[in-house]
Amino acid sequence: MKVVLENLTKIFPSRNKKSNEEVVAVSDFTFTIPDGKLIGLLGPSGCGKSTTLYMISGLQKPTSGKIYFGDDDVTELSTENRGVGLVFQNYALYPHMTVKQNILFPLQNLKGADKLSKEEMLEKAYNAAKLVQLDELMDRKPSELSGGQQQRVAIARALVKMPRVLLLDEPLSNLDARLRLQTREEIRRIQRETGITTIFVTHDQEEAMSISDMIVVMKLGVVQQTGAPQDVYDDPTNLFVAKFLGTPPINVFDGSVKDGKLYIGKDAVMDVPGVANQDVTVGIRPEGFILDENGPLHCKLSSVEVLGRDVSIVSTNAASVNPIIRSIINADNKVDPTRETVSYSLKPHKVFVFNKETEERIHFEVK
Ligand code: ADP
Ligand code: MG
């Protein structure tokens, strides 16, 4: 089911009685989610992810704008009539019910023509349980399950009616690191198997990048960029997006452009043809550094961390915005950790230049 968001906006009245300042939680969000895809809705806490999801689900009414499922305008439709499956961070299972009863629950409220026989309900519940690999545990209570299993019950419950759209709000946040990895692969598999259009909300960029067909990066209620995870990583539209994606994060420097050359401090590090003379902000991905005795960027060496396949070199430079610069170099390159300085040349497609005031990207031709 294709989902279309059209100028979707949500403004909350002020919570503070003294001030009248409204909160624009979501501003003019226009986007088409293609049928059968998994979309990662990504951004820091408070940027409007949950509010967007709640509007798609019908739990919250937009202040303005429209929502379509396929060609149906669902903006005014109640949650029950939208055909959405919802999964939240806290599994929200009924503690006194078994796994089976929890999964059956949404089917028992169906009325009229949708009403199912007991056998039909059980069949659907077992099919959903199989999908999340819980069919062996149907008689357990939630308290007898691990966090990951509880979340899978919640996913099965959301899937049992075969929703048109599956909405997941930070579903992995309560799981420990290992389960988080495992469950996110599980969600990807289930999404592929069912082909249900899925929106996955997270503040964790790695999580979103790893399982999404497309990501939407939000900041303060405003969509910054949408695209395939790799495309957004490789071609960020502004400094915020560049900083938000990537571990280790991008290295940020104060720089300047003079006569077609990019300077970091006094070092002319790269050609940036066609860019006007100005002060700029420079972002360099950790993998964008090449160890090079004769390289143009000179840094003070702090430490060398061996990671196996790669080495992580920690260095400093007066023009660096952050206390340290982290570069990731192939471990075949030997670095003497007792050295005082280290020099780099740069991979041009891993270097991004931003307008100092607007923080928008300044493009140049990469040779
Ligand atoms: P996220 O899920 O990205 O963390 P939310 O969508 O929950 O962000 O919130 C977006 C903004 O809207 C925040 O500033 C939040 O404080 C505000 N907000 C959310 N719900 C309400 C509400 N019911 N009343 C007032 N403000 C709200
Ligand atoms: Mg939220």
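Look a little higher up for the structure.
Let me begin by describing the structure that accompanies this report. None of these values were measured; they are calculated from a predicted model. (Residues numbered from 1 in each chain as written. Chains lettered and ligands numbered in written order. Predicted model: local features only at pLDDT ≥ 70, side-chain atom pairs only at ≥ 80, totals over all residues. Heavy atoms only, no water.)

Here we look at the overall build of the protein chain
Item 1. What the protein chain contains, in helices and strands, is 8 helices and 21 strands.
Item 2. Within the span of the protein chain, comprising 367 residues, buried residues form 49% of the whole.
Item 3. Sequence-distant contacts in the protein chain: of pairs separated by 6 or more residues, those separated by 24 or more amount to 66%.
Item 4. In the form shown here, the protein chain has an accessible surface area of approximately 18,100 Å², with 49% of it arising from carbon and sulfur atoms. (Helix = DSSP H or I, 4+ residues; strand = E, 2+ residues; numbered from the N terminus. Buried < 20%, exposed > 50% of the residue type's maximum accessible area, 1.4 Å probe, protein only. Contact = heavy atoms within 4.5 Å. Areas by Shrake-Rupley, 256 points an atom, 1.4 Å probe, with all protein chains shown as cover.)

What to know about the site of ligand 1
Item 1. Ligand 1 sits among Phe12, Arg15, Val23, Ala25, Pro44, Ser45, Gly46, Cys47, Gly48, Lys49, Ser50 and Thr51.
Item 2. The contact in question runs from an oxygen atom of ligand 1 to an N or O atom on the side chain of Ser50, over 2.8 Å.
Item 3. The separation between an oxygen atom of ligand 1 and a polar side-chain atom of Thr51 is 2.5 Å.
Item 4. Protein chains shield 70% of the accessible area of ligand 1, which is 560 Å² for the free molecule.
Item 5. Of all the elements, helix 1 (residues 49-57) adds the most residues to the shell around ligand 1, at 3 residues.
Item 6. For the shell around ligand 1, the residue count by class is 5 nonpolar, 5 polar and 2 charged. (Near = heavy atom within 4 Å. Polar contact = N/O pair within 3.5 Å; in protein donor to acceptor, adjacent residues only side chain to side chain. Nonpolar A, V, L, I, M, F, W, Y, C, P; charged D, E, K, R; others polar.)

Here we look at the packing of helix 4 (residues 147-159) against helix 5 (residues 177-194)
Helix packing geometry: the angle between the two helix axes and the distance between the axes.
Item 1. With their axes 10 Å apart at the nearest point, helix 4 and helix 5 run at an angle of 20° to one another. Classed by the angle they form, the pair helix 4 and helix 5 counts as roughly parallel. Considering the relative orientation of helix 4 and helix 5, their crossing is right-handed. Note on element contacts: helix 5 touches helix 4 through Leu179, Thr183, Glu186, Ile187 and Ile190, opposite Gly148, Arg152, Ile155 and Leu159.
Item 2. Across the contact of helix 4 with helix 5, the residue classes break down as 5 nonpolar, 2 polar and 2 charged. (Axes fitted to C-alpha atoms, helices over the stretch in contact; angles between N-to-C directions. Parallel < 35°, antiparallel > 145°, perpendicular 65-115°, else oblique. Left-handed = near helix turned anticlockwise from the far one by under 90°.)

Some words on the nonpolar core
Item 1. Ranked by size, the top nonpolar core spans 37 residues in total, and within it Ile103, Leu107, Val153, Ile155, Leu159, Ile187 and Phe200 carry the most contacts.
Item 2. Elements represented by at least two residues in this core include exactly helix 2 (99-108), helix 3 (118-131), helix 4, strand 7 (165-169) and helix 5.
Item 3. Apart from the residues lying within four places of it in its own chain, the contact partners of Leu107 are Leu116, Met121, Lys124, Val160 and Lys161.
Item 4. With 28 residues, the next largest nonpolar core counts Val269, Ile329, Val335 and Val351 among its residues. (Core = buried A, V, L, I, M, F, W, Y, C linked by side-chain atoms within 4.5 Å.)

A few points about the pattern of salt bridges
Item 1. Applying the stated criterion to the full structure yields 16 salt bridges.
Item 2. Beyond isolated ion pairs, a larger network of salt bridges with shared partners links Arg152, Glu186, Arg189 and Glu193. (Salt bridge = Lys/Arg side-chain N within 4 Å of Asp/Glu carboxyl O.)

Brief notes about the side chain of Glu170
Item 1. By the secondary structure assignment, Glu170 is in the loop between strand 7 and helix 5.
Item 2. Of the side chains bearing the opposite charge, Lys49 lies closest to the buried Glu170, which forms no salt bridge; the N-O distance is 4.1 Å.
Item 3. The residues touching Glu170, leaving out its near neighbours within four places in the chain, are Lys49, Gln89, Val201, Thr202 and His203. (Lys, Arg positive; Asp, Glu negative; His and termini not counted.)

Quick notes on the sheet that holds strand 5 (residues 72-73)
Item 1. If you walk across this open sheet you meet the 4 strands as 2-1-4-5, and the pairing is antiparallel. Since the sheet does not close on itself, it has two edges, and those belong to strand 2 (23-33) and strand 5, each with one partner.
Item 2. Pairing geometry for strand 1 (residues 3-12) and strand 2, over 7 bridges, is antiparallel. Bridging across to strand 2, Phe12 finds its partner in Val23.
Item 3. The strands touched by helix 1 within the sheet are strand 1, strand 2 and strand 4 (64-69), with strand 1 carrying the most contacts at an inclination of about 120°. (Pairing = 2+ DSSP bridges.)

Regarding the pairing of strand 17 (residues 310-316)
Item 1. With respect to burial, strand 17 is a largely interior element, 6 of its 7 residues being buried.
Item 2. Sheet analysis places strand 16 (residues 297-306) next to strand 17, joined by 6 bridges and oriented antiparallel. Across the sheet, the residue bridging to Leu301 is Ser315, located in strand 17.
Item 3. Connecting strand 16 to the next strand, strand 17, in antiparallel fashion are 3 residues, including Gly308 with a positive phi near 100°.
Item 4. By the bridge criterion, 6 bridges tie strand 17 to strand 18 (residues 325-330) in an arrangement that is antiparallel. Looking at strand 18, one finds that Asp310 is bridged to Asn330.

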